[in-house]
Amino acid sequence: MTPLSKNAKVSILTCDRGDELYTTFGHTAIRVHDSINQLDIVYNYGMFDFQTPNFYLKFVKGDLQYFVAACSFQDFLMEYQMTERTVIEQTLALPQAKVQELFEALNGSLYSDERYYTYKFIDRNCTTMVYEKINTILGKPLLKKVDDTSISYRQLLYPYFDNHFYFKLGINILFGAKTDQAAEKMFLPVELSHSLKQTQWQGKPLVVQEKTWVTGQPIPNDYSFVNSPWFVVLFLVAIAFSRNRYVYMVYGLTIGTLGAFLCCVGLYSQHQEVLWNYNVLLFNPLFLILPFLKKGRVRSLLIITSLVALLVYGILLFNKPHLLLLLPFLGAHLFMLRHLLRQERAHLLPSVK
């Protein structure tokens, strides 16, 4: 292993969010720079291979393997210059012995089984891997969350999707009860950056220098009517007020399939974020059965059960940040089920008479 010079430095690179879904929350990496030995390496724990067999199934299940890779600082920086994403470097006040220890630990990870890790959205990602390495070197868990821990993970993530309506809608449908817990864990790159700024080590600030390498551009707000909640509202109003049996049937089968998918993902996936997903009360798998039942007491009971599920869902959703996002679906489903229930009663009354 190359012995580093006394000029060697370790720094944390915090990269701003991007326009692609997998870059939505930004990125964290570690830089080791030694000008005397002409070393300038970035260790990146955010790597994954799209060519992995059954990539999407593994990602959904939660056993997709991410890995650490190394590249030159200039190569790393070039990507963010091309995509115009901000890159901020925070140099750490570590003595040469600690820099050497971290350097050897990082290289050891590159060439051992430690290279791979099972990605978890909140519990294990590029940011958590970096601060765990730093805490190990420091010998104590100095790096801790300093941001607001009274808000939920869902509230914390919500602003990141402001320019992507359908991403925001999809994520909030897919995420379950865990994301409504208090956001006590530090897992976002910006959170680690804030923690570094406020951390003291041996009576001095841990960060001795901060430098902006790339000044990024704001993500464009590509607003369009189709990519907005108003389009969804209009779409749902058109379906609800059509009062057409076949339109209701197609829509019911669609949302019932979505509900069945949420149930299956909750049973299949190892991602804690998708477990106990109360959104199945809104996108109810019972809607898959409804179109195939003849009018009668069983169908009426199923409709009433679905209405009760919606009322329970409304209570659960009342204090959540995605209330307004999913309120149009709640209103449309209530309207359609109420209309179907009236039809059932109209059918049952003559037979009673």
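Please read these numbers as outputs of a predicted model, since none were measured by experiment. (Residues numbered from 1 in each chain as written. Predicted model: local features only at pLDDT ≥ 70, side-chain atom pairs only at ≥ 80, totals over all residues. Heavy atoms only, no water.)

> An account of the side chain of asparagine 125 is requested, with residue identities and associated values reported.
Residue placement: asparagine 125 occurs in the loop between β6 (116-118) and α4 (126-138). Of the residues examined, asparagine 125 reaches a relative accessible area of 6% and is grouped as buried. With sequence-adjacent residues up to four places away left out, asparagine 125 is seen in contact with Tyr117, Tyr119, Lys120 and Phe187. (Helix = DSSP H or I, 4+ residues; strand = E, 2+ residues; numbered from the N terminus. Buried < 20%, exposed > 50% of the residue type's maximum accessible area, 1.4 Å probe, protein only. Contact = heavy atoms within 4.5 Å.)

> If you had to explain the pattern of salt bridges to someone new, which residues and values would you point to?
Under the definition given, this model contains nine salt bridges. The partner of lysine 133 in a salt bridge is glutamate 114, with the nearest N and O atoms 3.6 Å apart. Placement of the pair is lysine 133 in helix α4 and glutamate 114 in the loop between α3 (96-110) and β6, with a sequence separation of 19 residues. With a relative accessible area of 16%, lysine 133 lands in the buried category. For glutamate 114, a relative accessible area of 49% puts it in the partly exposed group. Arginine 154 is the partner of aspartate 180 in a salt bridge, and the nearest nitrogen-oxygen pair spans 2.8 Å. In this pair, aspartate 180 sits in the loop between α6 (165-174) and α7 (189-198) while arginine 154 sits in helix α5 (residues 153-157), placing the two residues 26 residues apart along the sequence. What makes aspartate 180 partly exposed here is its relative accessible area of 22%. Through salt bridges with shared partners, one network takes in Arg31, Asp40 and Glu89. (Salt bridge = Lys/Arg side-chain N within 4 Å of Asp/Glu carboxyl O.)

> Which residues make up unusual backbone geometry, and what values go with them?
A positive phi angle, close to 55°, is found at glutamine 38, a residue other than glycine. Here glutamine 38 shows up in the loop between β2 (27-34) and β3 (39-47). Given a relative accessible area of 73%, glutamine 38 falls into the exposed group. Its identity as a non-glycine residue notwithstanding, arginine 243 has a phi of 50°, on the positive side. Following the sequence through the fold, arginine 243 ends up in the loop between α8 (229-242) and α9 (245-268).

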